[in-house]
Amino acid sequence: MAGSARRVCGVSSGTGAAKQETEGTQEDGPALERTHQPYLPLGVLDYHEQKLAGSSASLVYAFSTGSEAAHSWAVPDGCVDLSFGIGSSDIVAVIGGTVSSAHTWAFAEGRSWVGCRFRSGEALLPKGLSPEDLVDADIVLDKDVSEGRLADLLFEAPDQKARMQVLASAIVTWEQNESIPAAKPGTSKVCELERFARHEILRTGGSAPISSVAAAAGVSPHYLRKAFAEVHGFSPKLYARFVRFQRAMELISGERDIQNAPEIVLACGYADQSHLVHEFNEFAGMTPGQFRLTVSPAA
């Protein structure tokens, strides 16, 4: 989502049927996954999103930028975002992975943007890219995306709602068409282990020791860390921290009974209040109190 940019080849596209998310359609792991980017709607214009079910992407979103570039904070979520900036005569395509700490997320001025957020461990990556390449980085994709069929469809779409539908349909086609130059990283065995570990981390809210997760999977902690990094580009321990932080963000920003620091510390499994504050300073770029005032001004 942030970092230095370089160019690589992209993915092609087609059309298919998009699905809208309904409660109770996901397995326990994905259903518990939180991939909030709370600062993004605050830093851009006309932000909208649509959740997806049964897809490698959790949602598609759209927004626009004015006469000046938009800058927002990205927070760790363990996910990969693919976004397209539609200008008056061209399209730019950018893919970026999770940030490891709060980091600036920049979008060029004068464009209508549409993007998708892949679920953790489920991103379809263009050939030539590994998950590790995307951590703390935004990479500009080559003309296979920016000048391909998907770009034409996005450019010709009458409005942002239609562009979101085009992108959601393209994701379905990518998943169904094995001939496209994009795939999920890792062998089937590695992906099966990673998925088990990810679901276990989500189920426990990030509180389970990685040694316990490895024991439940029947592998050594070293082997689990290696397999997880092959799919994500970072360690399962760091992912567990992301999961816990995302849960804390939800509690602090939402209209819930759990709003004071001691209750959030207990609910999210932090050691104490200073641990919570430290994580927020690193991952959100501010204290929990400052975060709440930023995303919930009326609080």
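The structure under discussion appears in the preceding block.
**Student:** Requested: an account of unusual backbone geometry, with residues and values cited.
**Tutor:** For D46, which is not glycine, the phi torsion reads 55° and is therefore positive. Relative to the elements of secondary structure, D46 occurs in strand 2 (residues 45–51). Among the residues examined, D46 registers a relative accessible area of 60% and is labelled exposed. Here D136, not a glycine, exhibits a phi torsion of approximately 60°, which is positive. Within the secondary structure, D136 sits in the loop between helix 3 (131–134) and strand 10 (138–141).

**Student:** Residue-level account of the packing of helix 10 (residues 236–253) against helix 11 (residues 261–268), with values.
**Tutor:** Put simply, helix 10 and helix 11 touch, their axes get as near as 10 Å, and they point 145° apart. Helix-helix and strand crossings are classified by hand; for helix 10 and helix 11 the assignment is right-handed. Along the contact surface, helix 10 presents R244, R247, A248, L251 and I252, while helix 11 presents I264, A267 and C268. Considering only residue class, the contact of helix 10 with helix 11 consists of six nonpolar, no polar and two charged.

**Student:** Describe the pattern of salt bridges, with residues and values.
**Tutor:** For the coordinates displayed, the defined rule picks out twelve salt bridges. Note that E122 is salt-bridged to R198, the shortest N-O span being 2.7 Å. Here E122, found in the loop between strand 8 (112–118) and strand 9 (125–126), pairs with R198, found in helix 7 (residues 188–203); they are 76 residues apart in sequence, far enough to count as distant. When sorted by exposure, E122 lands in the same class as R198, which is buried. Of the charged contacts, one joins R244 and E279 as a salt bridge, the two residues approaching to 3.9 Å between their closest N and O atoms. With R244 in helix 10 and E279 in helix 12 (residues 273–283), this residue pair connects regions lying 35 residues apart in the sequence. Here R244 matches E279 in class, with each residue buried. What you see here is one network of salt bridges that share partners, running through E122, E194, R195 and R198.

**Student:** If you had to explain the side chain of D81 to someone new, which residues and values would you point to?
**Tutor:** Mapping D81 onto the fold places it in strand 5 (residues 80–86). In this structure the side chain of D81 is engaged in a polar contact, spanning 2.7 Å, whose partner is the side chain of Y61. There is a polar contact of 3.1 Å between the side chain of D81 and the side chain of R117.

**Student:** Please give an account of the packing of aromatic side chains that cites residues and values.
**Tutor:** In this structure the tally under the stated criterion is 15 aromatic pairs. Both rings, one in Y47 and one in Y61, keep their centres 6.2 Å apart while their planes meet at 20°; by these two values the pair is stacked. Of the two residues, Y47 is situated in strand 2 and Y61 in strand 3 (residues 57–64); the sequence distance between them amounts to 14 residues. Taking the relative accessible area as the measure of exposure, Y47 reaches 19% and is therefore buried. An angle of 10° between the planes, with centres 6.3 Å apart, marks the rings of Y61 and F63 as stacked. Classification of Y61 as buried rests on a relative accessible area of 0%.

**Student:** Which residues make up helix 11, and what values do they have?
**Tutor:** Listing the buried residues of helix 11 in full gives I264, V265 and C268. In an axial view of helix 11, the angular spread of the buried residues amounts to 105°, which keeps them on one side of the axis. Exposed residues lying more than 90 degrees from the buried face of helix 11 are P262 and L266. Lining the buried residues of helix 11 we find helix 10 and helix 12. One or two steps after helix 11, the chain reaches G269, where phi turns positive at roughly 80°.

**Student:** Describe the nonpolar core, naming the residues involved and giving the relevant values.
**Tutor:** If you look at the biggest cluster of nonpolar residues, it comprises 37 residues, and the most contacted ones within it are I201, F245, F280 and F291. Of all the secondary structure elements, the ones that give two or more residues to this core are helix 7, helix 8 (210–217), helix 9 (221–232), helix 10, helix 11 and helix 12. Take this core: its biggest share by element is ten residues, from helix 10. Sequence-distant contacts of F245, defined by excluding residues within four places in its chain, comprise V75, P76, Y270, F280, F283 and A284. Core analysis: the second largest hydrophobic core is formed by 32 residues, L129, L167, A170 and I171 among them.

Conventions used here
- Residues numbered from 1 in each chain as written.
- Predicted model: local features only at pLDDT ≥ 70, side-chain atom pairs only at ≥ 80, totals over all residues.
- Heavy atoms only, no water.
- Helix = DSSP H or I, 4+ residues; strand = E, 2+ residues; numbered from the N terminus.
- Buried < 20%, exposed > 50% of the residue type's maximum accessible area, 1.4 Å probe, protein only.
- Axes fitted to C-alpha atoms, helices over the stretch in contact; angles between N-to-C directions.
- Left-handed = near helix turned anticlockwise from the far one by under 90°.
- Contact = heavy atoms within 4.5 Å.
- Nonpolar A, V, L, I, M, F, W, Y, C, P; charged D, E, K, R; others polar.
- Salt bridge = Lys/Arg side-chain N within 4 Å of Asp/Glu carboxyl O.
- Polar contact = N/O pair within 3.5 Å; in protein donor to acceptor, adjacent residues only side chain to side chain.
- Phe/Tyr/Trp six-rings, centres within 6.5 Å; stacked < 30°, edge-to-face > 60°.
- Arc of directions from axis to C-beta.
- Core = buried A, V, L, I, M, F, W, Y, C linked by side-chain atoms within 4.5 Å.

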